[in-house]
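Close look at the chain arrangement
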Amino acid sequence: MRRTPSVSSLWLALLACPLFLPQAMAAEVRLYVDDQPVGAPLTLDKGAVQLTHPLTKGSHQIRISDAGNSCGTSFGPSEAKPLPFGTAQPMDKCSKGQHFNLRVMLAGDYEFTFNPDTPSLKVLRATKKSEFKRQPPAEPCISWDGGPVTVSLKGVWPDGTRLRDAYSGQETVVKGGKLTLTPSKESGGLLLLEPVKAATAAPFSWDQASVYFLLTDRFNNGDPANDHSFGRQKDGQDEVATWHGGDFKGLTAKLDYIKQLGINAIWITPMVEQVHGFIGGGEQGNFPFYAYHGYWALDFTKIDPNYGDEESLKTLVDEAHKRGMRIILDVVMNHAGYATLADLQDLGLTDLAQNTAKLPTSWNQWRPSGGLNWHGYNQFIDYQSPAWSKWWGTDWVRAGLPGYPQPGTDDVTGSVAGLPDFLTESTKPVGLPPLLAAKQDTRAKALPNATVSDYLIAWHTDWVRRFGIDGFRADTVKHLEPAVWARLKQAGTAALKEWKAANPTKKLDDLPFYMVGEVWDHGVAKDFWYQNGFDSLINFDYQREFALPQAQCLASAEPTYAGYASRINQDPEFNVLSYISSHDTKLFFGDYQDVPLQRRVASSFMLLPGGIQIYYGDESGRGLAKDGGVFDQGLRSDMNWQELASGEKAELVKHWQRLGQFRAAHPAVAAGSHQKLADSPYAFVREKGDDKVVVVFAGRQP
């Protein structure tokens with residue numbers, strides 16, 4: 001046993017030490033990133049200190065030290081080890097040559113909290129702007145002096161053709177095979193040329209999809225009365241993952257705003273009834289994490305009351321259709337939601353709880369205390385109880401629970417984020433899962449001789465049959481058997497046909513049911529998924545590789561434009577949905593907080609061949625939210641309506657509107673052939689049937 005020295009002996013030792021001087025107590029150290037000191041000096045006698053520093057994507061070596069890397073003021077791990085987000089890591093005061101390894105998935109500002117008393121170091125993604133503003137990397141570009149621009153249109157339109165710049169409204173006539181116009185300053189050097197005598201409007205095709213994707217809960221609150229369904233609570237702090245109040249009524253009120261962006265389809269996150277309660281957010285349980293996003297289903301046959309009711313959904317779909325916009329519903333076939341305290345109480349599964357005398361009357365009102373964090377709710381759930389058979393049931397899901405099949409290690413049988421994984425491959429007929437069989441208000445009915453996947457397909461397509469949902473966005477596609485997706489598409493097609501037959505005055509057209517899938521990390525490649533129900537897949541490549549450099553200089557987009565038009569638009573059974581921001585990957589505006597850059601990315605992105613997906617706030621410069629150490633939560637901030645009344649954000653929206661309306665008016669932009677006309681100014685022609693447009697980019701102004 002180690003002997004503890006007496007107080008007097010400690011004081012004698014300290015007084016005898018020559019280091020016991022006032023200046024030693026005020027020693028200064030620096031944060032070192034990749035062996036380079038960054039930020040202001042940190043003084044050791046002031047307790048815990050914070051420092052914010054920008055980091056690029058990739059791996060970084062982190063330590064804290066004085067300039068001489070002296071023993072006693074050289075803080076780091078005893079041996080090289082990872083530095084996890086949100087977790088205070090113990091440090092050695094004499095860490096010679098050792099670093100923490102920090103892996104950054106999303107470039108941006110990061111907040112380091114250093115406590116020399118412990119000592120320890122914690123890192124989180126910064127929740128407030130630092131004084132340092134990151135700059136995008138330089139991209140060479142042609143230059144525009146702000147004056148008139150001449151472009152050759154020989155072979156495109158004959159002399160005498162009257163053209164209009166759709167951006168500025170200017171008109172002129174082709175003379176000598178050329179056209180001269182001055183782009184408006186607001187356009188950033190763009191001319192969007194169309195014949196004044198417009199071609200006959202072409203019918204809508206999913207090949208020209210312009211999809212507006214939003215998290216319903218974070219978009220617009222139209223009915224505050226439904227904000228606290230099932231006793232859901234605010235946390236009174238950063239509200240990182242609580243319900244914020246967005247609903248169908250709020251979305252319906254903003255349909256005209258969305259239409260003005262040239263949008264022809266709206267993708268809404270899953271709307272079915274979610275788990276009622278919360279889990280702990282992040283490794284350290286920093287916040288209560290509710291299912292506001294819609295991906296933790298409890299009852300696939302009911303609308304979550306936080307979003308609204310069936311009447312408000314019907315109104316949303318009908319009003320969108322009146323404006324020529326379709327509704328795409330996000331569907332989850334792979335998994336259900338976690339078990340939460342509120343669900344155990346609300347569903348009568350109290351046999352699965354323990355220590356309930358320490359819980360409040362409403363279990364959803366539990367808050368951590370006594371040194372617990374938000375993961376502490378787990379102490380009230382008995383994960384070893386045989387009564388788990390009353391939950392989803394062993395014939396329905398894989399889960400790490402008594403009697404249940406255990407998750408596998410491959411994409412299909414594995415568990416996504418520890419969620420209960422549906423046995424969609426099973427051919428065994430099953431009844432209703434026990435929790436729904438006992439649930440009083442469910443619409444779920446036992447189906448004869450039905451498998452798990454039969455039920456899931458029936459539940460999802462019932463929304464199509466009853467409300468006229470136009471298509472599905474399929475979540476976690478590669479985690480399910482391809483044949484199940486094919487069956488979902490077939491059933492959805494039949495259901496939409498039934499709805500259109502029953503509602504001839506409400507239908508937009510006779511197009512079949514549409515399905516786009518999220519196959520994680522998929523690019524522009526036609527593969528077997530297109531033979532298993534999918535009309536399109538989300539394109540991860542564009543955001544990752546092309547969005548930023550082409551925002552810096554539209555002229556650099558030529559290889560992408562030509563390649564996408566050739567690969568996508570020459571194949572009527574192939575399309576992709578490209579994006580610059582999403583709820584899972586990154587927020588384009590979040591990296592640089594640069595409004596001019598956000599204008600330029602609109603110019604290149606909105607002219608992209610194939611389908612496009614605008615993530616709510618791309619058009620308005622919506623910023624990051626506090627993320628509590630879980631980076632993707634920062635991508636899901638509330639829509640920034642308060643910034644759009646006037647100023648640069650309002651002007652940014654107008655820029656996106658002009659480009660979106662041009663795209664919507666001309667099928668050739670998304671679905672036509674592409675031919676470059678010139679390098680400087682950069683110009684190209686797009687053509688589909690009778691529709692023909694020319695885009696000219698004069699260059700960046702110095």
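Residues numbered from 1 in each chain as written. Predicted model: local features only at pLDDT ≥ 70, side-chain atom pairs only at ≥ 80, totals over all residues. Heavy atoms only, no water.

1. Some points on the domain arrangement of the protein
Here the protein is described as being made up of domain 1 (29-125) and domain 2 (206-518 + 622-665). Taken together, the seven residues of domain 1 in the interface contact nine residues of domain 2. In total, about 660 Å² of surface goes out of reach between domain 1 and domain 2, with carbon and sulfur atoms giving 58% of it. Here domain 1 and domain 2 share zero salt bridges between them. Summed over the shared surface of domain 1 and domain 2, the result is zero residue pairs in polar contact (both at pLDDT 80 or more). Counted by class, the side of domain 1 that touches domain 2 contains four nonpolar, two polar and one charged residues. (Domains from an automatic or database assignment. Contact = heavy atoms within 4.5 Å. Buried area = accessible area lost by both parts, 1.4 Å probe. Salt bridge = Lys/Arg side-chain N within 4 Å of Asp/Glu carboxyl O. Polar contact = N/O pair within 3.5 Å; in protein donor to acceptor, adjacent residues only side chain to side chain. Nonpolar A, V, L, I, M, F, W, Y, C, P; charged D, E, K, R; others polar.)

2. Focus on the confidence of the model for the protein
Across the protein, the average pLDDT comes to 92, with 95% of residues at 70 or higher. Between residues 1-25, whose pLDDT stays under 50, and residues either more than four places distant or in other chains, the model counts seven contacts. (pLDDT = per-residue confidence, 0-100.)

3. Examining the sheet that holds strand E29 (residues 611-615)
Around the barrel, eight strands lie side by side as E16-E17-E22-E25-E26-E27-E28-E29; this closed barrel has parallel pairing. With strand direction ignored, the average angle separating the axes of adjacent strands in the sheet is 25°. Pairing of strand E25 (residues 471-474) with strand E26 (residues 514-517) involves four bridges; the strand directions are parallel. Its bridge partner lying in E26, Arg473 is registered against Val516. Taken strand by strand, helix H10 (residues 482-502) contacts strand E22 (326-331), E25 and E26, and its axis lies near 150° from that of E26. (Pairing = 2+ DSSP bridges. Helix = DSSP H or I, 4+ residues; strand = E, 2+ residues; numbered from the N terminus. Axes fitted to C-alpha atoms, helices over the stretch in contact; angles between N-to-C directions.)

4. With respect to the layout of surface pockets
The computed volume of the largest pocket comes to approximately 1300 Å³. Of all elements in the fold, only strand E19 (279-281), helix H11 (540-552) and helix H13 (588-592) reach the threshold of two or more residues within the lining of the largest pocket. For the lining of the largest pocket, the leading source of residues is H11, giving eight residues. Split by domain, the lining of the largest pocket shows at least three residues from each of two domains, domain 1 (29-125) and domain 2 (206-518 + 622-665). (1 Å grid on protein atoms, 1.4 Å probe; cavity = no way out; pocket = protein on both sides within 12 Å on 5 of 7 lines; lining within 4 Å. Points joined across faces, edges and corners; volume = space filled by probe spheres on them.)

5. Concerning the state of the cysteines
According to the stated counting rule, one finds two disulfides in the structure shown. The disulfide partner of Cys141 is Cys553, and the gap between their sulfur atoms is 2.1 Å. Negative torsions about the S-S bond denote left-handed disulfides, and the value of about 70° found for Cys141 with Cys553 makes this one right-handed. Placement of the pair is Cys141 in the loop between strand E10 (120-125) and strand E11 (149-152) and Cys553 in the loop between H11 and helix H12 (558-569), with a sequence separation of 412 residues. Owing to a relative accessible area of 26%, Cys141 belongs among the partly exposed residues under this scheme. In this structure Cys553 comes out as buried when scored by relative accessible area, which is 2%. For the protein, numbering the cysteines in disulfides from first to last along the sequence yields the connectivity 1-2, 3-4. (Disulfide = S-S within 2.5 Å. Buried < 20%, exposed > 50% of the residue type's maximum accessible area, 1.4 Å probe, protein only.)

6. Some thoughts on the pairing of strand E1 (residues 28-33)
Bridge count between E1 and strand E2 (residues 36-43): five bridges; the pairing is antiparallel. Within the sheet, the bridge partner assigned to Leu31 lies in E2 and is Val38. Linking E1 to E2, which pair antiparallel, is a turn of two residues; within it Asp34 sits at a positive phi near 55°. In this structure, E1 lies alongside strand E4 (residues 58-65), joined through four bridges in antiparallel fashion. Within the sheet, the bridge partner assigned to Tyr32 lies in E4 and is Arg63.

7. Structural notes on the side chain of Arg232
Within the secondary structure layout, Arg232 lies in the loop between helix H3 (216-219) and helix H4 (248-253). Here Arg232 falls in the buried class, since its relative accessible area comes to 2%. From its side chain, Arg232 meets the backbone oxygen of Val275 in a polar contact 3.2 Å long. Polar contacts involving the side chain of Arg232 include one to the main-chain carbonyl oxygen of His276, which spans 3.3 Å. In this view, Arg232 contacts Trp243, Gln274, Val275, His276, Tyr290, Asp304, Asn306 and Asn364; residues no more than four positions away in its chain are not counted.

8. Quick word on empty space enclosed by the protein
One simple way to see leftover space: roll a probe sized like a water molecule over the atoms. Applying the stated rule across the entire model yields four cavities of 30 Å³ or more. What lines the largest cavity is a set of 13 residues, and nearest its centre among them are Arg473, Ile538, Phe540, Ser582 and His583. In terms of residue class, the lining of the largest cavity is built from six nonpolar, four polar and three charged. Taken as a whole, the second largest cavity encloses approximately 60 Å³ of empty space. Listing elements by their share of the lining of the second largest cavity, those giving two or more residues are strand E21 (297-303) and E22. Ranked by residue count, the leading element in the lining of the second largest cavity is E22, at three residues. A breakdown of the residues in the lining of the second largest cavity according to their chemical character gives ten nonpolar, two polar and one charged.

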